[in-house]
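Inside the fold
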Amino acid sequence: MPYSEVEILFAEDSPEDAMLTIRALKKSGFANKLHHVKDGAEALDFLYCRGIYTSRNIKENPKLILLDLKMPKVSGMEVLEKLKSDPIFRSIPIVILTSSKEDPDIQKCYNLGANTYITKPVDSDNFFIVIKEIGLYWMILSQLPA
Amino acid sequence: MAKKNSSDDLIIANRELAFQKDEKGKRADELIIANEELAFQTKEKGKRADELIIANKELAFQTKEKGKRAEELIIANKELAFQNKEKGKRAEELIIANIELAFQNEEKEKRADELIIADKELAFQNKEKGKRADELIIADKELAFQTKEKGKRADELIIANKELAFQNKEKGKRADELIIADKELAFQNKEKEKRADELIIANKELAFQNKEKEKRAKALIIANKELAFQNKEKGKRADELIIANKELAFQNKEKEKRANELIIANKELAFQNREKGKRADELIVANKELAFQNKEKEKRADELAIANQELAFQNHEKEKRADELAIANQELAFQNHEKEKRADELIIANKELAFQNHEKEKRADELAIANQELAFQNHEKEKRADELHVANKELAFQNEEKGKRAEELSIANNELAFQNEEKGKRAEELIIANKELAFQNEEKGKRADELIIANKELAFQNDEKGKRAEELVIANLELKKAEAEIRKFNEELEQKVIERTVQLESANKELGSFSYSVSHDLRAPIRAINGYSKILEEDYAEKLDLDGKQALSSIIRNSKKMGQLIDDLLSFSKLGRKEVTVTDINMNALVKSVIEDLLFDSSENKVEFNIKTLLPAKGDQSLIKQVWINLVSNAIKYSRHKPKTNVEIACYSKDNQVVYYVKDNGAGFDMQYYDKLFGVFQRLHSQEEFEGTGIGLAIVQRIVNRHKGTVWAESTLNEGASFFFSLPDINS
């Protein structure tokens, strides 16, 4: 899939969580234009067209970013802060998907400009439902900036 | 007559002449001799007359000198008399002044000074008088010179007297001023009067001395008058003597002429007698002429006899005069002698005066010292007067204050009088009361005796207490030591608390960190297990047999439960750290919303709620909501196997707290395990019978405890259970 077609950028270091999330999105029909990156550093490389993503056109950005918080190298919080402080990426909705139920993280993410904060349920049934709902809401219901 | 007689006589004489022709010769010779003797005598008389003339000249000169001296003495005496009069006046003025002084003795301060000056002047004058007296001694010899000095002195004395008079006037003025001052100093006058008496005595002495001087002066005046009279008499005598001497001189001249004429006459007579002798015959005619001549001669003889008689008389007179002059000279000598005596007396008098002056000087010095003392005393009195003046002002002020105070006191006295009346009444009442008191005192006396005994006992007890106190002091010291140790121990404890708190805070942080780890790190693998199991179940179920399908189902169920356990554990641990925000809770509304939110399992009965009106309480609404959720859901869950589910929710008030309870008719529990009921993950039923993690009641207890309430339960197994929790009411 060429990077220009990527509609959802998904940053998740856990392969299991990534697989389950992508599976849930696939079942909802939103996974075909998703690009998965393994950590925050790669996410920023993708967006700023650096490293292996230098070929990507910076003007063709994803419509939605799904961001895990706890990641190696650059954390999801740092990626969030960077993107929301950059006029180029500020308007892209960012959904925080995390295992943490800690209040400080939730408050901090919304302060930095996160659009949604979702705690990933342990129960797989609930997990699939939540992911499906996210895809439905952001990709279908919401009118995103061009 | 004499000529008639002589003519008669001449007749006789002529008859006798004839008889006496010889006798005449003899007589002529005798006459010659007598003339010679007369001539000799006249010569002697001439000499004598010359001597007398010289003596008279000397006498005249002396009398003149004496006259001058007498005049000078008269003038001097007059001046002296004038001075003495002035002195007398002055003495009288001094007496008056002294009397005035005596009268004015209160103000002696300045006047005393002036008196000192006056006394000094007097002393000085007295000294001058002393000198003058000495000079008078000399002046007795050189009075003329001294009269001038006396004149000068008199002028000086006049000036001095004028000054004295002026001073006396000034003293008079001063005296008036001092009289006014004396009134002010009236207090001091008594002391001064004593002093004045002394001064009066001194003045009397002075007056006495002045009187003595006056007497002396008068005596001197009389003496001078006598002297003047004597001098006058001497002057008259001298004048008479001068006249007498002049007459004598004239008579002597005349006698000399007569004597010469007589000599010539005698020579002619002698020549005629010789011629007569020759001309005896011729004498008839000549006798006629001779008779005539005799007549003439007789006349002449008579005249000569008369002249001689007159001369004799004159000589006699001269002798008398000489005697008188001798007597006068003797008197003069005597007078001079008297004057010398007088001079000596004057010397003595002057010495006495000098001595008196010396005494007066001493007296004046004493007076000066006395006056200085008086001046000092007056100065002190003035200071005292000033102080008294100030003191008087203060006194006046104090008197005013006292006047005010007196008025106040008068009012106060009136009040006091009234009070005294009241007190009188009160006193009567008090007398009665005193009688009662006397009775009571007797009783008290008895009581006092008892108390004395009691006091002795107390004293003994006090001794014991003293000993005890000492023991207590020791005990206190030990206590203080103990306190110090306790304080030290407390401080150590405090330190330990602080350390522990730090440790606890650290532990809490670690717990927070642990919660996060559990939340994040444990949930991910469980989710993976659960998720992948679900994938197997969904995508590969046909490839598994029944046992495989059951195993997969078991993995899914347990992983799901583990996720639930982890979530419950996390929420429970979060509860301990969560802040409690207390508000008034409308419990009716809260319970209603909880019931509406509850989802019911299909396996469960329809619930019949019996909800009473609930009192409001204070608490954290979200946490209390969790309590209701847990309790109500438990009630429904554990009633599941009963035919009907009845849940009663009610409350009651007790000790500022509201007790809420949820009562069901469910499975209940065995009270034997009540102590495990609120334990974390403790369960009294099997998972098959009633699912659950066993965290619900633990959460309920923790929330209620954090609201300072309590939670408890009552149950009979299989008959139902009641769960109670208390919260502070809204008035607490």
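The residue numbers shown here count from 1 along each chain, following its written sequence. Chains and ligands are labelled sequentially in the order written, the chains with letters from A and the ligands with numbers from 1. Whole-chain, interface and lining totals are the exception, using all residues; otherwise, since this is a predicted model, local features are given only for residues with pLDDT of at least 70 and side-chain atom pairs are given and counted only at 80 or more. The side-chain quantities take in all heavy atoms of the structure and omit both hydrogens and water.

1. Some remarks on the interface of chain B and chain A
Here is the rule: We call two residues contacting when some pair of their heavy atoms lies within 4.5 Å. Buried area adds together the accessible area that both of two parts lose upon being put together, with accessible area traced by a 1.4 Å probe. In the sections that follow, a salt bridge refers to a side-chain nitrogen of Lys or Arg positioned within 4 Å of a carboxyl oxygen of Asp or Glu. In protein, a polar contact requires one atom able to donate a hydrogen and another able to accept it; more generally it is a pair of N or O atoms within 3.5 Å, and residues adjacent in sequence count only if both atoms are side-chain atoms. Secondary structure elements follow DSSP: runs of H or I no shorter than four residues count as helices, runs of E no shorter than two count as strands, and numbering proceeds from the N terminus. Gly is put with the polar residues, along with every residue not named as nonpolar or charged; the nonpolar set is Ala, Val, Leu, Ile, Met, Phe, Trp, Tyr, Cys and Pro, and the charged set is Asp, Glu, Lys and Arg.
Listed per partner, the contact involves 23 residues of chain B and 25 residues of chain A. Between chain B and chain A, the buried area comes to about 2100 Å², and carbon and sulfur atoms account for 51% of it. Linking chain B to chain A there are 5 salt bridges. With a closest N to O distance of 2.8 Å, Asp539 of chain B and Arg23 of chain A form a salt bridge. Between the two partners, chain B and chain A, sit 8 residue pairs in polar contact (both at pLDDT 80 or more). Mapped by element, the contributors of at least two residues to the side of chain B that touches chain A are helix H6 (283-539) and helix H7 (546-577) of chain B. By residue number, the principal contributor to the side of chain B that touches chain A is H6 of chain B, which donates 17 residues. Of the residues in the side of chain B that touches chain A, the class split is 6 nonpolar, 7 polar and 10 charged.

2. Quick notes on the packing of helix H9 (residues 621-637) of chain B against helix H10 (residues 696-706) of chain B
All names here are of chain B. Formally: Interaxial angles span 0 to 180 degrees and are taken between N-to-C directions of axes, which are lines fitted to C-alpha atoms, for helices over the stretch in contact. Here is the rule for handedness: rotate from the far helix to the near one, and if that takes an anticlockwise turn smaller than a right angle the crossing is left-handed, while a clockwise turn gives right-handed.
Their axes nearest at 9 Å, the elements H9 and H10 cross at an angle of 145°. The handedness of the crossing between H9 and H10 comes out as left-handed. Listed contacts from H10 to Leu623, Ile624, Gln626, Val627, Asn630, Leu631 and Asn634 of H9 are Gly696, Leu697, Ile699, Val700, Ile703 and Val704.

3. A look at the sheet that holds strand S2 (residues 34-37) of chain A
Residue and element names in this part refer to chain A. Let me state the cut-off plainly: The rule for pairing is simple: two strands pair if DSSP sees at least two bridges between them.
Strand order in the open sheet formed by 5 strands is S2-S1-S3-S4-S5, and the pairing between neighbours is parallel. Strand pairing shows two members of the sheet lacking a second neighbour, S2 and strand S5 (116-119), which therefore form its edges. With direction set aside, neighbouring strand axes in the sheet form an average angle of 20°. Bridge analysis of strand S3 (residues 64-67) against strand S4 (residues 94-98) gives 3 bridges, and the strand direction is parallel. Looking across to S4, one finds that Leu67 is bridged to Ile96. Contacting strand S1 (8-11), S2 and S3, helix H2 (residues 40-48) crosses the sheet at an angle of about 135° to S2. Of the strands in this sheet, S1, S3, S4 and S5 are in contact with helix H5 (residues 124-141), which crosses S4 at around 175°.

4. What about the pairing of S1 of chain A?
Residue and element names in this part refer to chain A. What counts here: Whether a residue is buried, partly exposed or exposed follows from its accessible area with a 1.4 Å probe, protein chains only, as a fraction of its type maximum: under 20%, in between, or over 50%, in that order. When the strands point away from the viewer and the path from the first strand over the helix to the second turns clockwise, the crossover is right-handed.
With burial as the criterion, each face of S1 is covered, one bearing Ile8 and Phe10 and the other bearing Leu9 and Ala11. With 4 bridges connecting them, S1 and S2 associate as parallel partners. Within the sheet, the bridge partner assigned to Ala11 lies in S2 and is Val37. Remark: the S1/helix H1 (residues 15-28)/S2 crossover connection has right-handed handedness.

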